[in-house]
Amino acid sequence: NDALGQRFVIDGASGFRLPIDFPTLGFAFLAATVTGLGFGLLPAWFASRPDVSHGLKQGSRGATASRAQNRLRHALIVAEVALALVLLASAGFFMRGIDRGRRHELGWRVDGLLTGSLNLRGQNYATPAQRRIFYEELTGKLAALPGVEHVALASSLPTWNLADNSTFVVEGRPAAAPGHEPETSYASISPGYFATLELPFVAGRDFNGDDRADGRPVAIVSESLARAMWPGENPLGKRLGWNLRELREVVGVTRDTS
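Residues numbered from 1 in each chain as written. Predicted model: local features only at pLDDT ≥ 70, side-chain atom pairs only at ≥ 80, totals over all residues. Heavy atoms only, no water.

Asker: Break down the overall build of the protein chain for me, citing the residues and quoting the values.
Answerer: Broken down by element type, the protein chain carries 6 helices and 8 strands. A burial count over the protein chain gives 24% of its 258 residues as buried. Sequence separation of 24 or more characterises 71% of the internal contacts of the protein chain that already satisfy a separation of 6 or more. About 17200 Å² of surface is accessible on the protein chain, with carbon and sulfur atoms providing 59% of the total. (Helix = DSSP H or I, 4+ residues; strand = E, 2+ residues; numbered from the N terminus. Buried < 20%, exposed > 50% of the residue type's maximum accessible area, 1.4 Å probe, protein only. Contact = heavy atoms within 4.5 Å. Areas by Shrake-Rupley, 256 points an atom, 1.4 Å probe, with all protein chains shown as cover.)

Here you go:
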């Protein structure tokens, strides 16, 4: 991120993430195991212990299960049907939510957008200056390809709601109590990011070639964050940062994405 310079876009919204990690897989495995034992082994255990005396009393009608066994069987059937209905209803609501999200206007360009990812490692890219040179060369080569209209680099796309989350401070405002600091997500980007995504500005300007790591630290914020931090004020020229020693001047405000 530091190789992209002192340029940050800051947004306070939350993203939609469904991570598949070891705790999730462990819970799924435990739930499947308990379900299998509860609905499989328990009825089999009761079935393996027939009531002989009760069966003999039934005479020609044959041996039947005891009342306790019947009650257990019926309870398990009811529980299975109820759980199946809950799972089916939950899946239906989830899919409807996904469909509404897919049809929802995102606020940035989707059609005709090609994305890729890379991770620079090794001695050739050990310093920010080396990585910056690579990014500049990469941007120039991609822009020269036939049919390419815009090229930009970023640590994240709006789809993943930016790359990192952190608390921040606003210049001129009293420090928040511990545990109540405002939190935001942010990403490091290159000039041309907003033009590539066709994400319009509400106020201010885009980053330019003068916004470099060795220059004035600047940032672009979303309109929702600007309203929250400076209600009724012009956010341009205001400063915020991760601490009072790393304040960045707001040079632009963009429309919210969803």
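Asker: So, the nonpolar core: which residues are in play, and what are the values?
Answerer: Inside soluble globular proteins, nonpolar side chains tend to come together where they are buried. Grouped together as the largest cluster of nonpolar side chains are 11 residues: L157, A187, I189, Y193, F194, L197, L199, F207, V218, I220 and V251. Broken down by secondary-structure element, the contributors of at least two residues to this core are α5 (193-197) and β6 (218-222). No other element matches α5, which puts 3 residues into this core. V170, A226, W230 and L240 belong to the second-largest nonpolar core, a separate cluster that totals 10 residues. (Core = buried A, V, L, I, M, F, W, Y, C linked by side-chain atoms within 4.5 Å.)

Asker: An account of the confidence of the model for the protein chain is requested, with residue identities and associated values reported.
Answerer: The pLDDT averaged across the protein chain works out to 77; a share of 75% of its residues lies at or above 70. Counting contacts from residues 1-6, a segment whose pLDDT is below 50, to residues more than four positions away or on other chains yields 25 contacts. The low-confidence segment residues 59-64, where pLDDT is below 50, has 4 contacts with residues more than four positions distant or belonging to other chains. (pLDDT = per-residue confidence, 0-100.)

Asker: Describe helix α4 (residues 128-143), and please don't skip the residues or the numbers.
Answerer: A rise of 1.5 Å per residue sets the reference length of α4, with its 16 residues, at 22 Å; its end C-alpha atoms lie 22 Å apart and thus fit the reference within 8%. When α4 is considered as a whole, its buried residues turn out to be R131, R132 and Y135. Down the axis, α4 shows its buried residues gathered within 100 degrees of arc, on one side only. (Expected span 1.5 Å × (residues − 1). Arc of directions from axis to C-beta.)

Asker: Before we move on, could you go through the packing of aromatic side chains and cite the residues and values that matter?
Answerer: For any two aromatic rings, the description comes down to two numbers: the centre-to-centre distance and the angle of the planes. For the structure on display, the rule yields 4 aromatic pairs. Ring geometry for Y125 and F134: centres 5.3 Å apart, planes at 70 degrees, overall edge-to-face. In this structure Y125 comes out as partly exposed when scored by relative accessible area, which is 25%. With relative accessibility at 22%, the residue F134 sits in the partly exposed group. Consider the rings of F194 and F201, whose centres lie 4.9 Å apart with planes at 65 degrees: the pair is edge-to-face. With a relative accessible area of 2%, F194 lands in the buried category. By relative accessible area, which is 28% here, F201 ends up partly exposed. Put simply, the rings of Y125, F134 and Y135 pair up and form one aromatic cluster. (Phe/Tyr/Trp six-rings, centres within 6.5 Å; stacked < 30°, edge-to-face > 60°.)

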